[in-house]
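Summary of the model geometry
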Amino acid sequence: MALRWRISALVAAAACAVAAAVGVLVHEFSRNRELSQARESARVTLDRAAVTYTRTGEVQGSGAALDAPGLPGDLRDLVEQGHRGTEFTTGPAGPAMWAARPAGSRVLSVRVDLTTTMRDIGALDASIVVAGLITTAVVLPLGVLTAGRMSRRLRTAAGTARRIAAGDLDARIAAGPRPRDEIADISTAVDTMAGALQKRLLGEQRFTADVAHELRTPLMGLVTAAELLPEGEAAGYVRDRVRVLGTLVEELLEISRLDAGAEHADMSPCPVGPLVREVVARSGPATTVVGADETADTDGDAGAATVRTDSRRLERILTNLVVNAHRHGRAPVVVTVSGDGRTVTVRDHGPGYPRTLLDDGPQRFRTGARERGTGHGLGLTIALGQAQVIGATLEFGDAPDGGALATLRLPAVPPPAGADPSGPAER
């Protein structure tokens, strides 16, 4: 149940409980007061009648009666023991207050009819019930309105927190100052946390970019020096390490551009099949392509399916996925292209992606190799960033029969200007 309706139900229950408590208190107070007044009136009448009976031996006109037939049995027994007393009854004749005392060998009693009094108390109870219902009907909408405002503010705070967790570090709740308001305190705390997190991440991004730029100059010197070394095993090893270092620096620069939002897609028609075959050809013979030769273009002619995307970035994504499959998986690596060319999957037959990658996505400076710790490296991070630049989605999972499975889905392209919107979608 949503917080809004919980608070509303609590308000309604509280209003009903207060109305019921007030009603019970008013009912008991009114009833006890009326009974007390009736008891006192019966005693006074009884005492006057006793004086008249003592003087005249008669009770006519005094409001009392001798040996009244309707006198309650308990009260009669009490009088026969020589005592006086009162008793409230609700017999067939209606509610009444009795008072009795000894009169020689007889019983002198007074009956005060309380039918009208009890009817008035019943009317008072009905009025209290109506007042309680009216109060609840008035208070409940106010409670629902207040609870709704609180719920909306909490939902706004929760939605902003989810946006921040998803990577939108500019998201803010921007709650106005409200003294002694806990929700405003929470909102302010979330905004403060987001600001501090944004500053820290921006600092790390700037540090990564600065390190990559600073490494380029000494790296160029290393490349030059390595080329000047005489041929030999040591020179080959140095050149290989310099090449690896150069690739790492270029990847760091690419990540820094992606973090800064400086990358923009250059969209143009791209035949997916030939591009996939070109990427696979560079990866080696252990990669198999499925579907790239059987696709057709939008006109139905034999050839490769064409989509509108940034071919350079798409090639970068596919290259990283295939390289990662060969590096951390096992052959054969299978690349499958859908008929419309908008979906490309890269699957290996290794142990699959690490659980941390499937749960949290690619993280830089981690790989799936045991000797290099758990996680994943820069290749998948760059592939995911470039996919976001071209508006594609990149999903990571495990194949049902084992192996890692990466699925790239390119966005559907809207029909060009002047095209019939009711016609088939452009491929």
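Cut-offs and rules
Residues numbered from 1 in each chain as written. Predicted model: local features only at pLDDT ≥ 70, side-chain atom pairs only at ≥ 80, totals over all residues. Heavy atoms only, no water. Helix = DSSP H or I, 4+ residues; strand = E, 2+ residues; numbered from the N terminus. Buried < 20%, exposed > 50% of the residue type's maximum accessible area, 1.4 Å probe, protein only. Contact = heavy atoms within 4.5 Å. Areas by Shrake-Rupley, 256 points an atom, 1.4 Å probe, with all protein chains shown as cover. Pairing = 2+ DSSP bridges. Axes fitted to C-alpha atoms, helices over the stretch in contact; angles between N-to-C directions. Polar contact = N/O pair within 3.5 Å; in protein donor to acceptor, adjacent residues only side chain to side chain.

Considerations on the overall build of the chain
Along the chain, the regular secondary structure elements total nine helices and eleven strands. Taking all 427 residues of the chain together, 34% fall into the buried category. When contacts within the chain are restricted to residue pairs at least 6 apart in sequence, those whose partners lie at least 24 apart make up 59%. Only carbon and sulfur atoms are counted for the fraction: they give 57% of the accessible area of the chain, which is about 25,000 Å².

Observations regarding the pairing of strand 8 (residues 333-337)
A large share of strand 8 lies buried, amounting to four of its five residues. Pairing of strand 6 (residues 287-290) with strand 8, which is carried by four bridges, proceeds in the parallel orientation. Considered in strand 8, the bridge of Thr288 is made with Val334. Two strands pair when backbone bridges link them, and strand 8 and strand 9 (residues 343-347) are joined in this way by four bridges, in the antiparallel orientation. What sits directly across from Val337, in strand 9, is Val344. Connecting strand 8 to the next strand, strand 9, in antiparallel fashion are five residues, including Gly341 with a positive phi near 80°.

Side note on the sheet that holds strand 4 (residues 106-113)
In spatial order, the strands read 1-4-3-2; together these four strands make up an open sheet with antiparallel pairing. At either margin of the open sheet sits one strand with a lone partner, and together these are strand 1 (64-66) and strand 2 (85-91). Strand-to-strand twist across the sheet, computed as the mean angle between neighbouring axes with direction ignored, equals 30°. In the sheet, strand 2 pairs with strand 3 (residues 94-103) via seven bridges, with the strands oriented antiparallel.

A short note on the environment of Ala19
The topology assignment puts Ala19 in helix 1 (residues 3-56). Residues Ala19 and Ile128 lie 109 residues apart in sequence; the distance between their C-alpha atoms is 7.7 Å. Apart from residues lying up to four places away in sequence, Ala19 is in contact with Ile128 and Gly132.

What about the side chain of Arg313?
With respect to the helices and strands, the residue Arg313 is situated in helix 7 (residues 311-328). At 2.9 Å, the side chain of Arg313 and the backbone oxygen of His264 are in polar contact. Reaching out from Arg313, the side chain makes a polar contact with the side chain of Asp310 at a distance of 3.1 Å. Residues in contact with Arg313, not counting those within four places in the same chain, are Glu263, His264, Ala265, Gln386, Val389 and Ile390.

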